[in-house]
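# Examining the three-dimensional arrangement
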Amino acid sequence: MGVVSVSMPDSLVDRIDEFTEEHGYTGRSEFLREAARDLLGEFEDRKLEDRELMGIVTVVFDYEGTNVEERMMQLRHEHENIVASNFHSHVGDHNCMELFILEGNLEQISTFVGKIRATTDTKTVDYSVTPIGDAEGIV
């Protein structure tokens with residue numbers, strides 16, 4: 001088994017440690033292996049392949065001292081072929097929320113979400129994917 005070294009903020013490490021203890025994981029490695037399998041499997045649903053999809057992506061970030069908002073607009077323009085709509089809102093004292101509505105195939109939406117997730121200083125990235133049109137066969 002390979003060994004991977006990962007750097008992350010102490011606050012995230014503390015949350016992982018608390019979660020692993022509360023949920024009976026044997027340690028960080030078991031937790032991170034499961035998290036990696038889940039993340040890699042998110043877009044591997046064969047029932048969604050070769051279908052036109054609608055994706056909804058919500059991003060929350062602190063607008064002070066970051067360039068996340070600028071990066072969101074870069075991604076909107078870079079992927080204008082799948083971004084059907086985009087909404088920006090202020091949430092609380094220092095947060096902004098970007099909401100993207102996407103129309104495209106699984107690979108296009110997966111690529112977009114991956115680039116959003118790779119953006120430094122985002123607080124949360126949530127998304128959902130739904131087939132457009134007849135959803136027969138989707139469980």
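The sections below set out a description of the structure shown in this document. All figures in this text were calculated on a predicted structure; none of them were measured in a lab.

Reading guide: rules and limits
Residues numbered from 1 in each chain as written. Predicted model: local features only at pLDDT ≥ 70, side-chain atom pairs only at ≥ 80, totals over all residues. Heavy atoms only, no water. Helix = DSSP H or I, 4+ residues; strand = E, 2+ residues; numbered from the N terminus. Buried < 20%, exposed > 50% of the residue type's maximum accessible area, 1.4 Å probe, protein only. Contact = heavy atoms within 4.5 Å. Areas by Shrake-Rupley, 256 points an atom, 1.4 Å probe, with all protein chains shown as cover. Axes fitted to C-alpha atoms, helices over the stretch in contact; angles between N-to-C directions. Parallel < 35°, antiparallel > 145°, perpendicular 65-115°, else oblique. Left-handed = near helix turned anticlockwise from the far one by under 90°. Nonpolar A, V, L, I, M, F, W, Y, C, P; charged D, E, K, R; others polar.

### Some details on the overall build of the protein chain
Each helix and strand counted, the protein chain has four helices and four strands in total. Element order for the protein chain, N to C, with α for helix and β for strand: α-α-β-α-β-β-α-β. Seen through its C-alpha atoms, the protein chain measures out along the principal axes to roughly 45 × 40 × 25 Å. Residues counted as buried form 24% of the 139 residues belonging to the protein chain. Sequence separation of at least 24 residues holds for 68% of the intrachain contacts in the protein chain that already meet a minimum separation of 6. Total accessible area computed for the protein chain in this model is approximately 9400 Å², and 49% of it derives from carbon and sulfur atoms.

### Quick look at the packing of helix H3 (residues 68-78) against helix H4 (residues 106-117)
Two numbers describe how H3 lies on H4: the axes approach to 11 Å, and their chain directions differ by 165 degrees. It follows from the interaxial angle that H3 and H4 lie roughly antiparallel. The hand of the H3/H4 crossing is right-handed. Of the residues in H4, those in contact with Arg-71, Met-72, Leu-75 and Glu-78 of H3 are Phe-112, Lys-115 and Ile-116. The residue inventory of the contact of H3 with H4, partitioned by class, reads four nonpolar, no polar and three charged.

### A look at the environment of Arg-117
Topologically, Arg-117 is positioned in helix H4. Through-space distance from the C-alpha of Arg-117 to that of Asp-10 is 19 Å; in sequence the pair is 107 residues apart.

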